[in-house]
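Chain by chain, the residues:
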Amino acid sequence: MRSTFLAGALVCLAPSLPGEARAQARDAASVSAESVSPDGSVSPVVSVSPVEGALPVDADPRPVAVEPGSLEGPASSPGPEVRGTVVRGKSPPPPDSPERRDPTGAITLIDASERAGEARDTAEMLAGSVGLAVQDTGGYGQSKSLVVRGAAANGVLVFLDGIPLNGAGGMADLSQVPAALVERFEVLRGGAGARYGSGGLGGAVNIVTRAPSSRARASGEVTYGSWNTALGHVAVTGPLLDGHALVLLHAGRSDGDFAYELDELPAVDNPVTAEARARNDAKGGGVLLRYRRRLPGGSRLDVLSELALEDRAIPGTVQNPQSSGRQDLDRLALGMRWSGALGGAGTQASARGFFRRDGLEVTGDLLAAGGPQRHSVGGVELEGRTPLGGAHVLTLTVAASSEQVTDARDSQSASWWRTSVMAMDEWRLFNGVLDVVPSLRLERMGPYWLFSPKLGAMVSLGGGLGLRANAGQSHRAPSFLELYIRQGTLLPNPGLKPERALYADAALVWSSDETERWRVTAGGFAALYENLIAYELYPPMMARPYNFDAARVWGAELEAEARPFSWLLASGGYTWLRTQNRLGDPRFFNQPLPYRPRHKWVGRVRAGPDWLNVRTEVLYQASQFINRTGTRGLPSRTFWSAGASSTFLRGPDVTLSVEVKNLLDARAYDFTGFPLPGRAVYATLAVALDRDSPSVTEEPNASHRPSP
């Protein structure tokens, strides 16, 4: 293990754009995407160019502090390429870009095109980010969720193009979002209540889907590998009805029956037996539709529709394995947004609406089996942003939504309304040296009133060095399942109180120049969680959620990235996390919270031109406890992956990729005690065909990120 970890230190390097990804980046020159929006409403922006109708470059005279995950400015005044640090740009980023929504936040942008050909799912793409840990239960299609800065998975908001994915249980399952849909991830670490509402104790993640292009393009990809795993998608984009449209179909399946060795009596010197992972199969598919059209007066309309279906086995736990249970899941998501300028004073406005319905049905010989459960949520949001002088900008948001859960198993139903008002003030002081950004949200969620203030600040220290800091309060209202719906042996508790987080963070960031060939970020964070919700034994055979006292979390994050040459990219990240349970019960007091590894390190490298490039990644995660008494745990793990891609044909572009995951065949386990996949090999063939569309003119101010 030690030699593996030291070997990993030699490869703390990051990916570069392969040929197909660069072609996609060129297509996206004038394409919109979505950003996380408060209350989960759709918030489309331009992924690599400003929103149509955005402020002119000279309309906002303030220098802009660009945070991790930011986008480029207009082509008429190109800003620096942003790669996750504080940079003083020449032009303002799009109004709905992550750094505009939270100018001082700890934001990371993950470009999915840089992972092309790596045969990775959504959770694997996020696993390498600092401050994040993935809770996984098996291979393809099995449940996967996120822990961010020590906050539980139900305290992390996840959005799909601004539409909230957190279900009735308060947790988002990343396995239901295939990697084929993803253009990039926008990750906010730290309390997100002021900007994104209830549930953002540890942060928020927006999964931005692929966007339509003004150029006609057809592409497809198929992957096949270990355990009869097959994935594929087909996408067509181009001009349609005076706008641009995208249609993407995807499907996948896996048996997941990998081999592993079982020692039934570890304390006794007995031979191990060879076993095959059972009930780890899954299959699914869906469609993504996106449409964008420019309206008279320079405003824009964005429309999104997404349908996903999935069927997977339920393995149970090692102590209580299942032999027949299955889950059928489905999701329908719809979103629409209008955005544009109002008046001549630089005021920007948007009106947006969304609807999402999730379905869940459990079949087989299980206590939870029965009729389907439906979770529906829909809402609207109005937002305005106006400059009040050369160094002051005010943003106001009003939102309302309705949420309902219906459970046919017990003929139970529950619903409530959610309304909120948010205000954010941005002050630029001392000629742009200091930014002060106070914000607050007042929210009514069912029977609960929630107040989430935040104060952020950013200081430019010169020489590419900057300092950012934040402090505030966030909440998570109890979920419908915790309050009202019985789930097998899990009972509801309508007397629960909202969880609360008091948090603070600070970081130093440095970049070598505007091109950011070198950058480093080092920071720390702390949080106090109060009224945390946990399930306790409810005699004789039930469990019920209760608020317990408090927990403390603190830690440090370190990121570094180097792009010295166009053909070589390198990055590394380290997270140190400490947690303490402050429940007065002596069995739990001062014990670490379960499922929070203390150390995590990741390093990546990608080198070579389009016609042949190689890549590798090493991820180390320390051991972690899986119960609150600190008596049971999972061992540390080191996963090493490697691969190569070659775009060996142009017009159409044809790319062949090979990926070996878990190269050392490390044996790890999920939090239920089942083994995780060992070494796996995948081959991917991607084809893309472009057709110029002379009748369609690229939109003004369109630009794209320069290729490395």
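Rules of the game
- Residues numbered from 1 in each chain as written.
- Predicted model: local features only at pLDDT ≥ 70, side-chain atom pairs only at ≥ 80, totals over all residues.
- Heavy atoms only, no water.
- Helix = DSSP H or I, 4+ residues; strand = E, 2+ residues; numbered from the N terminus.
- Areas by Shrake-Rupley, 256 points an atom, 1.4 Å probe, with all protein chains shown as cover.
- Core = buried A, V, L, I, M, F, W, Y, C linked by side-chain atoms within 4.5 Å.
- Buried < 20%, exposed > 50% of the residue type's maximum accessible area, 1.4 Å probe, protein only.
- Phe/Tyr/Trp six-rings, centres within 6.5 Å; stacked < 30°, edge-to-face > 60°.
- Lys NZ or Arg CZ within 6 Å of the ring centre and 35° of its normal.
- Contact = heavy atoms within 4.5 Å.
- Pairing = 2+ DSSP bridges.
- Salt bridge = Lys/Arg side-chain N within 4 Å of Asp/Glu carboxyl O.
- Patch = residues over 30% accessible without salt bridge, like charges linked within 9 Å, V, L, I, M, F, W, Y side chains within 5 Å.
- pLDDT = per-residue confidence, 0-100.

Caption draft 1: Summary view of the overall build of the protein. Along its length, the protein carries six helices and 37 strands. Roughly 26600 Å² of accessible area belongs to the protein as shown, and the carbon and sulfur atoms make up 63% of that amount.

Caption draft 2: View of the nonpolar core. Leu 126, Leu 146, Leu 174, Phe 185, Val 187 and Ile 207 are the most contacted members of the largest nonpolar core, which totals 24 residues. Mapped by element, the contributors of at least two residues to this core are helix H4 (122-127), strand E6 (132-136), strand E7 (144-148), strand E8 (156-160), strand E10 (182-189) and strand E11 (203-209). No other element matches the four residues that H4 contributes to this core. Within the second largest apolar cluster, 16 residues are counted, among which are Ala 501, Phe 525, Val 553 and Phe 588.

Caption draft 3: Just the packing of aromatic side chains, in detail. Under the counting rule described, the total for this entry stands at six aromatic pairs. Ring geometry for Trp 416 versus Phe 480: centroids 4.7 Å apart, planes at 35°, classification tilted. Of this pair, Trp 416 sits in strand E23 (residues 412-429) while Phe 480 sits in helix H6 (residues 480-483), and the two are 64 residues apart along the sequence. When sorted by exposure, Trp 416 lands in the same class as Phe 480, which is buried. Ring centres of Phe 565 and Trp 567 lie 5.2 Å apart, and the angle between their planes is 5°; on these two criteria the pair is classed as stacked. Looking at Arg 628, its charged tip hangs above the ring of Phe 588, at a distance of 4.3 Å from the centre.

Caption draft 4: Seen up close, unusual backbone geometry. With omega at 10°, the peptide bond leading from Gly 651 into Pro 652 counts as cis. Secondary-structure assignment places Pro 652 in the loop between strand E35 (637-649) and strand E36 (653-661). Located in the positive-phi region is Arg 149, a residue other than glycine, with phi close to 50°. Here Arg 149 is to be found in the loop between E7 and E8. Exposure remark for Arg 149: the relative accessible area of 7% places this residue in the buried category.

Caption draft 5: Representation of the environment of Leu 537 in the model. Tracing the sequence through the fold places Leu 537 in strand E28 (residues 518-538). Along the sequence, Leu 537 and Leu 490 sit 47 residues apart, while their C-alpha atoms lie 9.5 Å from each other. Residues contacting Leu 537, with those up to four places away along its chain left out, are Met 542 and Ala 543.

Caption draft 6: Representation of the sheet that holds E11 within the structure. Read across the sheet, five strands follow the order E5-E10-E11-E8-E9 without closing on themselves; strand pairing throughout is mixed. On the outer flanks of this sheet lie strand E5 (106-111) and strand E9 (163-164), each paired with one strand and no other. Pairing of E8 with E9, which is carried by two bridges, proceeds in the antiparallel orientation. Within E9, the position partnered with Leu 160 by the bridge is Ile 163.

Caption draft 7: Molecular detail of the pattern of salt bridges. For the structure shown, the criterion picks out 44 salt bridges. A salt bridge links Arg 300 to Asp 302; its shortest N-O distance comes to 2.8 Å. The exposure classification of Arg 300 matches that of Asp 302, with both residues buried. For Glu 561, the salt bridge identified is with Arg 519, shortest N-O distance 3.6 Å. Note that Glu 561 is positioned in strand E29 (residues 542-565) and Arg 519 in strand E28, a separation of 42 residues in sequence. By the burial criterion, Glu 561 is buried, and Arg 519 matches it. One network of salt bridges, in which partners are shared, links Glu 118, Arg 120, Arg 604, Arg 606, Arg 615, Glu 617 and Glu 659.

Caption draft 8: The arrangement of the pairing of strand E31 (residues 599-607) in detail. Counting buried residues along E31, eight of its nine residues qualify, which places the element largely inside the surrounding structure. Across nine bridges, the pairing between strand E30 (residues 568-581) and E31 is antiparallel. Residue pairing in the sheet places Tyr 574 in a bridge with Trp 601 of E31. Pairing of E31 with strand E32 (residues 613-621), which is carried by eight bridges, proceeds in the antiparallel orientation. Bridge assignment links Arg 604 to a residue of E32, and that residue is Glu 617.

Caption draft 9: Geometry of the environment of Leu 663. Here Leu 663 lies in the loop between E36 and strand E37 (680-691). Once the C-alpha coordinates of Leu 663 and Ser 641 are considered, the two residues, 22 residues apart in sequence, prove to be 5.5 Å apart. Among all residues touching Leu 663, those that are not within four sequence positions of it are Trp 640 and Arg 679.

Caption draft 10: Quick look at the side chain of Asp 610. In this structure, Asp 610 sits in the loop between E31 and E32. A relative accessible area of 14% places Asp 610 in the buried class.

Caption draft 11: Here's a closer look at the pairing of strand E21 (residues 373-387). For strand E20 (residues 347-363) and E21, the ladder comprises 13 bridges, and the chain directions are antiparallel. Across the sheet, residue Ser 350 finds its bridge partner in E21, namely Glu 383. In this structure, E21 lies alongside strand E22 (residues 392-407), joined through 15 bridges in antiparallel fashion. Directly across from Ser 376, in E22, lies its bridge partner Gln 404.

Caption draft 12: The arrangement of a nonpolar patch on the surface in detail. A surface patch of nonpolar side chains, amounting to about 660 Å² of accessible area, comprises Leu 461, Leu 465, Leu 467, Leu 508, Trp 510, Trp 518, Val 520 and Leu 558. Within the residue set of the nonpolar patch, elements represented by two or more residues are strand E26 (465-476), strand E27 (499-511) and E28. Within the fold, Trp 510 resides in strand E27. In this structure Trp 510 comes out as partly exposed when scored by relative accessible area, which is 33%.

Caption draft 13: How the structure looks around the confidence of the model for the protein. Counting all residues, the mean pLDDT for the protein is 81, and 82% of those residues have values of 70 or more. Below a pLDDT of 50 lies the segment residues 1-91, which in the model reaches 380 contacts outside its immediate sequence neighbourhood of four places, other chains included. The model gives residues 693-708 a pLDDT under 50, and that stretch makes 52 contacts with residues more than four places away or in other chains.

Caption draft 14: The arrangement of the environment of Phe 185 in detail. Locating Phe 185 in the fold gives a position in strand E10. Distance from Phe 185 to Ala 112, taken between C-alpha atoms, is 7.5 Å for residues 73 residues apart in sequence. Beyond its immediate chain neighbours, meaning those up to four positions away, Phe 185 contacts Thr 108, Leu 109, Ile 110, Thr 122, Met 125, Leu 126, Asn 206 and Ile 207.

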